[in-house]
Amino acid sequence: MAENTTENNLNTTRGTLLAVDGHSLAFRAFFALPVDNFSTESGQATNAVWGFATMLSQVIDAERPDRLAVAFDVKGGTFRNRMLPQYKGTREAAPEELLTQLPLIQEMLAAMGVTYIEKPGYEGDDVIGTLATMGEAAGYHTLVLSGDRDAFQLVDDNVTVLYPGHHFKDLKRMTPAAVFDKYKVTPAQYPDLAALRGETADNIPGVPGVGDGFAAKWINQYGGLDGIIAHADEIGGKKGEALRANLEQIRLNRRVNALVRDVDLGVTVDDLAFGHVDAARVDDLFARLEFGSRTRARILRSFNGGELPKAAGKTEPAAGQENGLAAATPQRIDDAAALEAWAGRWMPEADATPSGTRNDPDATAATAATAPDAPGLAIDADLACADALARRWTLDATGSAKPGQARLETLVLAANGHAAVLRAPLDPALAKATQRLIDTHAGTMTVHGAKEHMHLLAAAGLTMPLPMLDTKLAGYLVQPDFHADDLTHAAAHFLDIHLDEEPEATQGQLDLGDGAAGDEAADEPDGRREATRAAIVDALAAAFGPTLDERRQYGLLKDLELPVSRVLGDMERQGAQVDATRLAAMRDGFAADAEQAQRIAWDAAGDRINLQSPRQLAKVLFEDMGLKPTKRTKSGSYTTNAAALQELYLRASGDERAGDFLGAVLRHRETNKLKQIVQTLIDATNPADQRIHTTFEQTVAATGRLSSVDPNLQNIPNRNAAGREIRAAFVPGEGYTALMSCDYSQVELRIMAHLSGDEALIEAFRSGADFHRYVASLVYGIPVDQISADQRSHVKAMSYGLAYGLSTYGLAQQLRIAPREAEVLKAQYFATFGKVHDFLESCVADARRKGYTETMFGRRRYFPGLKSPNRATREAAERGALNAPIQGTAADIMKIAMVRAEAALRREGLASRIILQIHDELVVEVAPGEEHAVTAAITDAMEHAVTLAVPLDVSSGIGADWQLAAH
DNA sequence: TTGAAAACGTA
DNA sequence: CGTACGTTTTCAAG
């Protein structure tokens, strides 16, 4: 799918030339990195060199240019100084610490085999302009990496400027559209605009009081600088006066900022190949600069194109509008009448046709296991979206979608190439009309992130019906391990459309409008940005719809993921009530414990080290105290994790000082962690309602599970008593009397029993006995009542390890038994449950053949790593492929249960509500008098979410807080 | 300033 | 040398 959209750019297939403005890049690097942190023993500053190399290598990695040249300014001035004596007066005063690094940068480039060009009498910019001209003539697409805005005049269909934003990492792609977007003039007109405005960085004065806005207005009014000068008398006001007073300066500015594009460089573009690194020279230079080995490896790899083969036929994608994205025509809508007029003209007809139609009525096998008697939910694999897709329209909102504090900024309805752009706040009549329009057309609505839109719309008093297609969820089903951060990323990845970041709004968001969007949207009242967003959603829908139909996954989207997203949205909006007083008390208690442990540790160590620093800890343990290390971390240092510290503690029984220290560190680790968790919860509590509104991520976990962020409420301690106390701070809110917790027991094992068809394992579950004891008796061939605690726990660990691809080594490690013993256990286990073994093997084999795994409900996960020549990579993929169908099916089942559970609560008119999901557990806030009905409803929804060869066992508990609801 | 690593909480 | 996550903290980058 990615390839399809690049066909429009056949004019750029020759290759890519990267032309770099060396001085401007060095400047950026110098000011971005603290010089104190980057200097050699002898005091030579290296921050600019390091930053330059890093930036350039990042751009090379991202763009894979075929040709590369770096242009530098030359001392001694240019024709510009003769015209304008003060020219670059400020820049000449560059700090000494930067100037001394320029020769080093050039030396590095030479060693890297990169051509750099200096031309006496000209600036680097002129060289760049010339390179762009030459590149164009030779059929290259040219990328100009420069922090100098004068370069914008070079931009055209074949020249893109990469302009560093506030953080040097995020480069803006300045295409013709992007330049126009930002300045409202064409790239060719940019020098006119700059002449009027001036350039403080180059010490060039413009017309006082005239900025980009006025300059653009005049240029568009009079066609350009010549026109403005000719009509200078017609411009009134103070600004007109200022203009007339500075005409000479402006003319001069314009002559100075025009880049020379025909310098004789003495090279051709074809000469600018690179990739022949002189490793010895690089090593020598890096040694002098005291760069580390990691830097060296990273930089060398980028420049030495040989190691990373170029993608064949890679073309430079142009931005946005030039690349097959037909942006909608925006129209600002301010009242209900205007909206209705717009809708009458552009919206597709609403009709009662459901958003999915039966595609394949003859298909038999596809409707994956569903509960036959389950009201409300069946996942229909025959459901197709092709028909509805043809009549689709897009809803897109921006603002902050954070649950509990959502805020709507803009609302766009787009169809047939036209976009109605609404800005919050909406007056009541407009809100009502909008709601009606959305509701009547929900069956053909496409949206990116229905759940986020629920929050955004709710902030304006609107409700969000479920759409026909959610492109965020669709992208997740299509490729669950790709995580698009926002709409721009999704467009880049799935459509190969590279939009420019929103200029200036660095922290933020051209994304869904969630997060901390600035007020930039208001700067662009024309709605172009909004229309572009809608066009992306539309293009994504056009791409995903057919893919889902082909894969028969539309039912999974429509019948499962979309309903789940509504349930999750409700849960997020409700939030979970916490007892702030209790949390504060816990925090103080844990803090006191941690402090005491720290004191003891410091006394024993004789040094006030930072106990939270593994490095400092390792130094004390393995150097000062001379203890023998246990294991290493994956980067080679000695681990100081809890398991290692325990081991050391056991060994150090004779050494009192080490024993005290280790004990104290362990206690500090535990209590400090708990303190941190509690503090995070305190910080996340919404002061308005004393509730914590987490966000459930529905498109992050590659297996199909949910995750929880900001804060994560799926990792509240539960394993030991001290941590579990934290759950006592989760309480029912006003108008509710209890919390109920319901969880599946051994779902994943039950799924394995079902999917493998292993009679012995199925019987183990049907018998209703103590499962692990029962399994142990089979494995060891001993009567159930003679199974020891050890035997039971060993078998239990084995059972749980199965679904993870546990090795005998790992099993031995965990059970603290000999590897040989673990091997015997594993052999015995598989002898008893042969079909389980076969099933696990078949998961991997199927995945190797098809390229992906599948859950019971058709959720896929792709595993390209199965074909890797690298053993570690391959084996990791194998474990993933073994686990994904099991973990994924469990996730599917819980999602079905959630939808059924909420439907049941509503059907029975209960006020109780689901507030949390922790993978196999649901937490419900229970209204007075509903204890019994809620327990029955939720338990039933979970137990009968799906019919398997084994029963689904659900246990529940209810109490005055989450801890007391344990069972 | 950024990103990786280490640690540790959950299922 | 067991899967799937998220958060906090430190520290290197030199």
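Residues numbered from 1 in each chain as written. Chains lettered and ligands numbered in written order. Predicted model: local features only at pLDDT ≥ 70, side-chain atom pairs only at ≥ 80, totals over all residues. Heavy atoms only, no water.

Caption draft 1: Local environment of the UniProt feature "domain: DNA-directed DNA polymerase family A palm" (unreviewed entry) in chain A. In the UniProt entry, the feature "domain: DNA-directed DNA polymerase family A palm" (unreviewed entry) is given for residues 723-930. Taken end to end, residues 723-930 is 58% helix and 12% strand, and its two terminal C-alpha atoms sit 30 Å from one another. (UniProt positions renumbered as here; feature names shortened; annotations may be inferred. Helix = DSSP H or I, 4+ residues; strand = E, 2+ residues; numbered from the N terminus.)

Caption draft 2: Focus on the side chain of E921. With respect to the helices, strands and loops of the structure, E921 is situated in strand β26 (residues 921-926). Comment: no salt bridge for buried E921; closest opposite-charge side chain is R727, at 4.0 Å. At 3.2 Å, the side chain of E921 and the side chain of W962 are in polar contact. When near neighbours in sequence (up to four residues on either side) are disregarded, E921 contacts R727, S741, C742, D743, M894, L916 and W962. (Buried < 20%, exposed > 50% of the residue type's maximum accessible area, 1.4 Å probe, protein only. Lys, Arg positive; Asp, Glu negative; His and termini not counted. Salt bridge = Lys/Arg side-chain N within 4 Å of Asp/Glu carboxyl O. Polar contact = N/O pair within 3.5 Å; in protein donor to acceptor, adjacent residues only side chain to side chain. Contact = heavy atoms within 4.5 Å.)

Caption draft 3: A look at the side chain of T410. Checked against the element boundaries, T410 lands in strand β13 (residues 407-415). A distance of 2.5 Å separates polar atoms of two side chains, one belonging to T410 and the other to T398. In contact with T410, other than residues within four places in its own chain, are D396, A397, T398, L422, R423 and E530.

Caption draft 4: The protein's contact with DNA strand B, seen in detail. Surrounding DNA strand B, one finds 25 residues, the nearest of these being T633, S635, T640, N718 and R719. The sugar-phosphate portion of DNA strand B accounts for 79% of its atoms within 4 Å of the protein, the bases making up the rest. T633 has a polar side-chain atom sitting 2.6 Å from a phosphate oxygen of DNA strand B. Contacts to DNA strand B include I918, whose backbone N or O atom sits 3.5 Å from a sugar or linking oxygen. (Near = heavy atom within 4 Å.)

Caption draft 5: Broad picture of the packing of aromatic side chains. One pass over the structure, following the stated rule, counts 19 aromatic pairs. A network of ring pairs unites the aromatic residues F152, Y163, Y183 and Y190 as a single cluster. Directly above the aromatic system of Y163 lies the positively charged group of R28, at a separation of 5.5 Å from the ring centroid. We note R860 situated over the ring of Y852; from NZ or CZ to the ring centre the distance is 4.1 Å. (Phe/Tyr/Trp six-rings, centres within 6.5 Å; stacked < 30°, edge-to-face > 60°. Lys NZ or Arg CZ within 6 Å of the ring centre and 35° of its normal.)

Caption draft 6: Structural context of the sheet that holds strand β18 (residues 685-686). An order of β17-β19-β18 is seen for the three strands of this open sheet, with the pairing classed as antiparallel. The open sheet has two edge strands, β17 (576-577) and β18, and neither has a second partner. As defined by bridge partners, β17 adjoins strand β19 (residues 691-692) across two bridges and the pair is classed as antiparallel. For A576, the partnering residue across the bridge sits in β19 and is I692. (Pairing = 2+ DSSP bridges.)

Caption draft 7: Layout of the protein's contact with DNA strand C. Residues in contact with DNA strand C amount to 38 residues; listed here are only the nearest, T295, S613, R615, D710 and S807. Contact distances for DNA strand C include 2.6 Å between a phosphate oxygen and a side-chain N or O atom of S613. Note that a phosphate oxygen of DNA strand C is positioned 3.0 Å from one of the side-chain N or O atoms of R861. Taken together, the elements giving at least two residues each to the surface near DNA strand C come down to α25 (614-624), α27 (656-684), β21 (707-709), α32 (789-802), α33 (808-815) and α36 (871-907).

Caption draft 8: Here's a closer look at helix α37 (residues 931-943). Over its 13 residues, α37 runs 18 Å from end to end, which matches the ideal 18 Å to within 8%, given 1.5 Å per residue. Those residues of α37 that are buried are in contact with β22 (738-744), α36, β26 and β27 (954-959). (Expected span 1.5 Å × (residues − 1).)

Caption draft 9: A look at helix α30 (residues 759-766). If you check which residues of α30 are buried, you get L761, I762, A764 and F765. An end-on view of α30 places all buried positions within 155° of arc, on one side of the element. Exposed residues lying more than 90 degrees from the buried face of α30 are E759 and R766. Next to the buried residues of α30 lie α29 (747-756), α31 (771-780) and α35 (834-850). Its side-chain oxygen placed 3.0 Å from the backbone nitrogen of A760, D758 serves as the N-cap of α30. A positive phi of about 75° marks G768, the residue just after α30. (Arc of directions from axis to C-beta.)

Caption draft 10: How the structure looks around the environment of T855. Residue placement: T855 occurs in the loop between β23 (852-854) and β24 (860-862). Its relative accessible area of 8% is what places T855 among the buried residues. In sequence terms T855 and P85 are 770 residues apart; their C-alpha atoms lie 72 Å from each other. Leave out the neighbours within four places in its chain, and T855 touches A884, P885, G888, T889 and D892.

Caption draft 11: Region of the structure containing the pattern of salt bridges. Counted under the stated rule, the structure contains 42 salt bridges. The residue E452 makes a salt bridge to K472 at a minimum N-O spacing of 2.9 Å. Highlighted residues: E452 in helix α19 (residues 450-458) and K472 in helix α20 (residues 471-478), separated in sequence by 20 residues. Residues joined by salt bridges that share partners form a network here, namely R149, R197, E199 and D212.

Caption draft 12: Region of interest: the packing of α25 against α27. Here α25 crosses α27 at 165°, and the two axes come no closer than 12 Å. Considering the angle they form, α25 stands roughly antiparallel to α27. Here α25 runs over α27; the crossing is left-handed. Judged by residue contacts, L617, V620 and L621 of α25 engage F661, L662, V665 and R669 from α27. (Axes fitted to C-alpha atoms, helices over the stretch in contact; angles between N-to-C directions. Parallel < 35°, antiparallel > 145°, perpendicular 65-115°, else oblique. Left-handed = near helix turned anticlockwise from the far one by under 90°.)

Caption draft 13: Up close: the nonpolar core. Counting residues in each nonpolar core, the largest one holds 165 residues, and the members touching the most others are F730, Y744 and I938. The dominant element in this core, judged by the number of residues it contributes, is α36, at 14 residues. Residues in contact with I938, not counting those within four places in the same chain, are M740, C742, A901, L905, L922 and V924. Ranked by size, the runner-up nonpolar core spans 50 residues in total, among them I128, L131, I229 and A242. (Core = buried A, V, L, I, M, F, W, Y, C linked by side-chain atoms within 4.5 Å.)

Caption draft 14: Quick look at the layout of surface pockets. Of the volumes computed, that of the largest pocket is approximately 1,500 Å³. Among the secondary structure elements, those contributing two or more residues to the lining of the largest pocket are α27, α28 (721-724), β22, α29, α32 and α36. Among the elements that line the lining of the largest pocket, the one with the most residues is α36, at four residues. Residues that form the lining of the largest pocket fall into these classes: 14 nonpolar, 15 polar and 13 charged. Each of domain 3 (580-689) and domain 4 (748-889) accounts for three or more of the residues forming the lining of the largest pocket. (1 Å grid on protein atoms, 1.4 Å probe; cavity = no way out; pocket = protein on both sides within 12 Å on 5 of 7 lines; lining within 4 Å. Points joined across faces, edges and corners; volume = space filled by probe spheres on them. Nonpolar A, V, L, I, M, F, W, Y, C, P; charged D, E, K, R; others polar. Domains from an automatic or database assignment.)

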